[in-house]
Amino acid sequence: SFMIRHPIDCVYYLKTGQRGSMQSAGILYIIAYFVYMFYRGFTSFVFGGGIGYWQNPFIISIIIILPVILFVVGSYLISSINDGEGTIKNVYVSVGYSFSAYILFLPPLTIISHVLTTKEEFVYQFSFTLIIAYTLVLIFLSVKETHSYTPGKTIANILLTIAFMIIAILAVIILYILWKELFAFISELYEEVKYRVFM
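As the structure is a prediction and not an experimental result, all values here were calculated from the model. (Residues numbered from 1 in each chain as written. Predicted model: local features only at pLDDT ≥ 70, side-chain atom pairs only at ≥ 80, totals over all residues. Heavy atoms only, no water.)

> In this structure, what is going on with the packing of aromatic side chains? I would like to understand it.
One pair of aromatic rings is described through two measures. These are the centre distance and the angle between the planes. By the definition in use, this model includes 10 aromatic pairs. Geometrically, the ring pair formed by Phe 122 and Phe 126 is stacked, given 5.8 Å between the ring centres and 25 degrees between the ring planes. A residue pair is termed a helical-turn pair when its members lie 3 or 4 positions apart in one helix, as Phe 122 and Phe 126 do in helix α7 (residues 121-147) at 4 residues. With relative accessibility at 62%, the residue Phe 122 sits in the exposed group. By relative accessible area, which is 47% here, Phe 126 ends up partly exposed. Each residue in the set Tyr 29, Tyr 92, Phe 99 and Tyr 102 is aromatic and connected to the rest through ring pairs, giving one cluster. (Phe/Tyr/Trp six-rings, centres within 6.5 Å; stacked < 30°, edge-to-face > 60°. Helix = DSSP H or I, 4+ residues; strand = E, 2+ residues; numbered from the N terminus. Buried < 20%, exposed > 50% of the residue type's maximum accessible area, 1.4 Å probe, protein only.)

Take a look at the structure:
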């Protein structure tokens, strides 16, 4: 709750080691993951939720976890070549704590969604947008204060980090396709050799 009320002070304490730790940040990441799954699975059908969302939890987990990992790594790498003061630990911890508002407010909204009707959709959408917007503000401030950046440098860092994430994801997809094609070729070659040897 301290991060929600006093984000700049909180990031300073996290950076100097007066508050927080790798372990507590890790717990926050795990809680945020389960909060997201709870939100997607138990939000009222009226607002697009439903248990059916869990039909492929592995793929969903990758979709959630990979961008977070890439953001933490990318933000640190960009900052390391752009006069950033924070370490990879600082980035990991401060971003983890930035999910505080998300963790605290999304579960109640998920429960409230079962009370609201389609006529009250604005209330739900506005509340959800507010939670996401403030979470993004906390991430912005965590990057800014961790690296002692100006607002302009912070925006540049985040944009370059997003570019890094896109490139990394595309590289993974391309490698996956290439490995799949290579495996298919080797399998066909093996079948052809086996056919010729035993015929």
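> Is there a simple way to think about helix α2 (residues 7-16) in this case?
Along an α-helix, residues three or four apart share an orientation, since each turn contains 3.6 residues. Considered for burial, the residues of α2 that qualify are Pro 7, Cys 10, Val 11 and Leu 14. Projection of α2 onto a plane perpendicular to its axis shows the buried side chains occupying an angular sector of 100 degrees, all on one side. Gly 17 sits one or two residues past α2 and shows a positive phi near 80 degrees. (Arc of directions from axis to C-beta.)

> How should I be thinking about the pattern of salt bridges in this particular structure?
If you walk through the whole model with that rule in mind, you get 3 salt bridges. For Lys 15, the salt bridge identified is with Glu 85, shortest N-O distance 3.0 Å. One end of the pair, Lys 15, is in helix α2; the other, Glu 85, is in the loop between α4 (57-80) and α5 (88-97), and 70 residues separate them in sequence. For Lys 153, the salt bridge is made with Asp 83, and the minimal N-O distance between the two is 3.7 Å. With Lys 153 in helix α8 (residues 151-198) and Asp 83 in the loop between α4 and α5, this pair connects stretches of sequence that are 70 residues apart. (Salt bridge = Lys/Arg side-chain N within 4 Å of Asp/Glu carboxyl O.)

> How should unusual backbone geometry be read in this particular structure?
Note: most residues except glycine have negative phi, and most peptide bonds are trans. Non-glycine residue Asp 83 carries a positive phi angle of around 60 degrees. Among the residues examined, Asp 83 registers a relative accessible area of 64% and is labelled exposed. The backbone of Ser 148 shows a phi angle near 55 degrees, a positive value even though the residue is not glycine. If you trace the backbone, Ser 148 turns up in the loop between α7 and α8.

> How should the packing of helix α3 (residues 22-42) against α5 be read in this particular structure?
The geometry of α3 relative to α5 is characterised by a closest axis approach of 8 Å and an angle of 45 degrees between their N-to-C directions. In terms of orientation, α3 and α5 fall into the oblique class. With respect to the hand of their crossing, α3 and α5 are arranged in left-handed fashion. Between α3 and α5, the contacting residues are Met 22, Ser 24, Ala 25, Gly 26, Leu 28 and Tyr 29 on the first element and Lys 89, Val 91, Tyr 92, Val 93, Val 95, Gly 96 and Tyr 97 on the second. Split into classes, the residues belonging to the contact of α3 with α5 amount to 9 nonpolar, 3 polar and 1 charged. (Axes fitted to C-alpha atoms, helices over the stretch in contact; angles between N-to-C directions. Parallel < 35°, antiparallel > 145°, perpendicular 65-115°, else oblique. Left-handed = near helix turned anticlockwise from the far one by under 90°. Contact = heavy atoms within 4.5 Å. Nonpolar A, V, L, I, M, F, W, Y, C, P; charged D, E, K, R; others polar.)

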